[in-house]
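Overview (structure and organization)
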Amino acid sequence: MNETKTKWPGPPGLIPVTSGRADDANQINRHYLDRLMVEMRVIDARIPDLHTEIFGKLYDSPIMMPAFSHLNKAGIQDRQPMEEYAKAATILNIVNWVGMESDEEYENIAKYAPGSIRIIKPFADHHRIRSEIQFAKSQGAIAVGIDIDHIAGKDGNFDIVDGIPLGPIFQADLKAYVQEAGIPFIAKGVLSVQDACIAANAGCAAIVVSHHHGRIPYGIPPLALLPNIKKALQKTNVKIFVDCGMDSGYDAYKALALGADALSVGRSILKPLLKDGSKGVVSKIQHMNEELKQLMLYTSIANTSSFDPSVIHYMK
Ligand SMILES: Cc1cc2nc3c(=O)[nH]c(=O)nc-3n(C[C@H](O)[C@H](O)[C@H](O)COP(=O)(O)O)c2cc1C
């Protein structure tokens, strides 16, 4: 793909962290998602059921909130977008995720969405990771994890976020965190069969197949890898979640058909969230649920545990 000077073709909510350059994995991802075609299987089709079990709890949809952070510091007067999308998760009865936030902020958010999954940065200081894991657990988090894809900074050294140094992720550390957590532990930002297998061997309960809105230049689309990862993990109980570019129920369908157990909608909720708060997010996700059900009905998928990858065709 040559460097493109054309305007980003995706939805406006996805613009903020998209350069539009050829190495931009967001651009590559949207291109890939739009080339996945769906065949039709309508005979004997029934109204689909979106209920989905995640870590022993029943939710109304496999569409989840994203692991966002920093939004309360975005300077939007008198607004707390982190709490607002958490509230939407509770109204919708879907899983809420929280990214890099202080213990205090996590506690506030979890009041609006009890059980929120907490994703912790791969801090160089392991005590900090351990302490944040235990805090989330004490607040009733259904799971905790690390965004393992956020180790590298743009200068090729370990990144520094908000002045806090990040560090490497070793298999032994992952194993130790899994054991110490005592609740499901998630490796977020898996983009290879190799890392998926290492995470599974370390005892992770789930992985998120993701490139974290294009952190890695030329990152392969998560859905392009999903079938191989699914195959590699088929003998395990590891849940496979996906994010990156999920903007419609049709994108969600493709992720689920290709092997995801559930998926998060990230930047696509930003625009409705910042404009209309919880209400905007609820209406965005409700619309996505409808689109997802529509494609399930067209393909005779009765529930979220009976997706079939053979309905998807890649248009070259
Ligand atoms: C404002 C913002 C803050 C984010 N903060 C975090 C974070 O703290 N931890 C994390 O794992 N991911 C974080 N992410 C990444 C998202 O969880 C997600 O992986 C990424 O945006 C890709 O999904 P999308 O294409 O649907 O946006 C953040 C994304 C945005 C836009």
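A brief structural summary. As the structure is a prediction and not an experimental result, all values here were calculated from the model.

About the criteria used
Residues numbered from 1 in each chain as written. Predicted model: local features only at pLDDT ≥ 70, side-chain atom pairs only at ≥ 80, totals over all residues. Heavy atoms only, no water. Helix = DSSP H or I, 4+ residues; strand = E, 2+ residues; numbered from the N terminus. Rg over C-alpha atoms; globule rule 2.2 N^0.38 Å. Buried < 20%, exposed > 50% of the residue type's maximum accessible area, 1.4 Å probe, protein only. Contact = heavy atoms within 4.5 Å. Areas by Shrake-Rupley, 256 points an atom, 1.4 Å probe, with all protein chains shown as cover. Lys, Arg positive; Asp, Glu negative; His and termini not counted. Charge placed at Lys NZ, Arg CZ, Asp CG, Glu CD. Pairing = 2+ DSSP bridges. Axes fitted to C-alpha atoms, helices over the stretch in contact; angles between N-to-C directions. Near = heavy atom within 4 Å. Polar contact = N/O pair within 3.5 Å; in protein donor to acceptor, adjacent residues only side chain to side chain. Nonpolar A, V, L, I, M, F, W, Y, C, P; charged D, E, K, R; others polar. Right-handed = clockwise from strand over helix to strand, strands pointing away. Expected span 1.5 Å × (residues − 1). Arc of directions from axis to C-beta. Phe/Tyr/Trp six-rings, centres within 6.5 Å; stacked < 30°, edge-to-face > 60°. Lys NZ or Arg CZ within 6 Å of the ring centre and 35° of its normal.

Considering the overall build of the protein chain
- Counting its regular elements, the protein chain contains 9 helices and 15 strands.
- In summary, the protein chain has a C-alpha radius of gyration of 19 Å against a globular reference of 20 Å for 316 residues, a match within 12%.
- Each of the three principal axes of the protein chain carries a C-alpha extent, and together these read 55 × 45 × 45 Å.
- Within the protein chain, the proportion of its 316 residues that are buried is 54%.
- In the protein chain, the proportion of contacts linking residues at least 24 apart, taken out of those at least 6 apart, comes to 67%.
- For the protein chain, the computed accessible surface area is about 14600 Å², with 53% contributed by carbon and sulfur atoms.
- Each charge class in the protein chain can be summarised by its mean position, and for the 33 positive and 35 negative side chains these summaries are 4 Å apart.

Some words on the sheet that holds strand S14 (residues 262–264)
- Strand order in the open sheet formed by 9 strands is S4-S14-S13-S12-S11-S8-S7-S6-S5, and the pairing between neighbours is parallel. The open sheet has two edge strands with one neighbour each: strand S4 (63–64) and strand S5 (67–68).
- Where strand S7 (residues 117–120) lies against strand S8 (residues 144–147), 3 bridges are found, and the strand directions are parallel. Paired with Ile120 across the strands is Ile146, a residue of S8.
- Contacting S8 and strand S11 (185–190), helix H5 (residues 171–181) crosses the sheet at an angle of about 145° to S11.

As for the site of the ligand
- Of all residues adjacent to the ligand, which total 18 residues, the nearest are Ser69, Met100, Asp243, Gly245 and Arg267.
- Taking Ala67, its main chain carries an N or O atom lying 2.9 Å from an oxygen atom of the ligand.
- The separation between an oxygen atom of the ligand and a polar side-chain atom of Arg267 is 2.6 Å.
- Here the ligand, which alone exposes 610 Å², has 92% of that area covered by the protein.
- For the shell around the ligand, the residue count by class is 6 nonpolar, 7 polar and 5 charged.

Quick notes on the pairing of strand S13 (residues 239–242)
- Across 4 bridges, the pairing between strand S12 (residues 206–209) and S13 is parallel. By the bridge assignment, Val209 is partnered in S13 with Val242.
- In this region the chain leaves S12, passes through helix H7 (residues 222–232) and returns to the parallel neighbour S13; the handedness of that crossover is right-handed.
- For the crossover that starts at S13, traverses helix H8 (residues 249–257) and ends in the parallel S14, the hand is right-handed.

Concerning the pairing of S12
- Of the two faces of S12, both are covered, the one formed by Ala206 and Val208 as well as the one formed by Ile207 and Val209.
- Pairing of S11 with S12, which is carried by 4 bridges, proceeds in the parallel orientation. Within the sheet, the bridge partner assigned to Lys188 lies in S12 and is Val208.
- As for the winding sense of the linkage, the β-α-β connection from S11 through helix H6 (residues 193–202) to S12 is right-handed.

Some thoughts on helix H4 (residues 126–138)
- Across its 13 residues, H4 extends 18 Å between first and last C-alpha, which sits within 8% of the 18 Å expected from 1.5 Å per residue.
- Of the positions making up H4, those classed as buried are Ile129, Glu132, Ile133, Phe135 and Ala136. The buried residues of H4 all sit within an arc of 165° when viewed along its axis, so they share a single face. Away from its buried face, by an angle of more than 90 degrees, H4 presents the exposed residues His127 and Ser138.
- Elements in contact with the buried residues of H4: helix H3 (103–112), S7, S8, H5 and S11.
- Between the side-chain oxygen of the N-cap and the backbone nitrogen of His127 there are 2.9 Å, and the N-cap of H4 in question is Asp125.
- Backbone geometry just after H4 places Gly140 at a positive phi near 90°.

As for helix H2 (residues 81–92)
- With 12 residues, H2 should reach 16 Å at 1.5 Å per residue; the first-to-last C-alpha distance of 16 Å fits that figure.
- Elements that come into contact with the buried residues of H2 comprise S5, strand S6 (97–98), H3 and helix H9 (270–298).
- Asn93, located one to two residues past H2, shows a positive phi value of around 50°.

Points about the packing of aromatic side chains
- This model, assessed by the stated rule, comprises 6 aromatic pairs.
- Look at Phe68 and Tyr85: their rings are 5.8 Å apart centre to centre, the planes differ by 85°, and that puts the pair in the edge-to-face class. Placement of the pair is Phe68 in strand S5 and Tyr85 in helix H2, with a sequence separation of 17 residues. Tyr85 carries the same exposure label as Phe68, and that label is buried.
- Taking 6.3 Å as the distance between ring centres and 25° as the angle between the ring planes, the aromatic pair formed by Tyr177 and Phe185 counts as stacked.
- Note on Tyr177: relative accessible area 2%, which makes it buried.
- Joined through ring pairs, the aromatic side chains of Phe55, Trp97 and Phe241 make up one cluster.
- Here the guanidinium or amino end of Arg128 rests over the ring plane of Phe123, the centre of that ring lying 4.7 Å away.

Considerations on the environment of Lys57
- Note that Lys57 resides in strand S3 (residues 57–59).
- Sequence-wise, Lys57 and Tyr218 are 161 residues apart; in three dimensions their C-alpha atoms are separated by 36 Å.
- Residue contacts for Lys57: discarding those within four places in its chain leaves Thr52 and Ile142.

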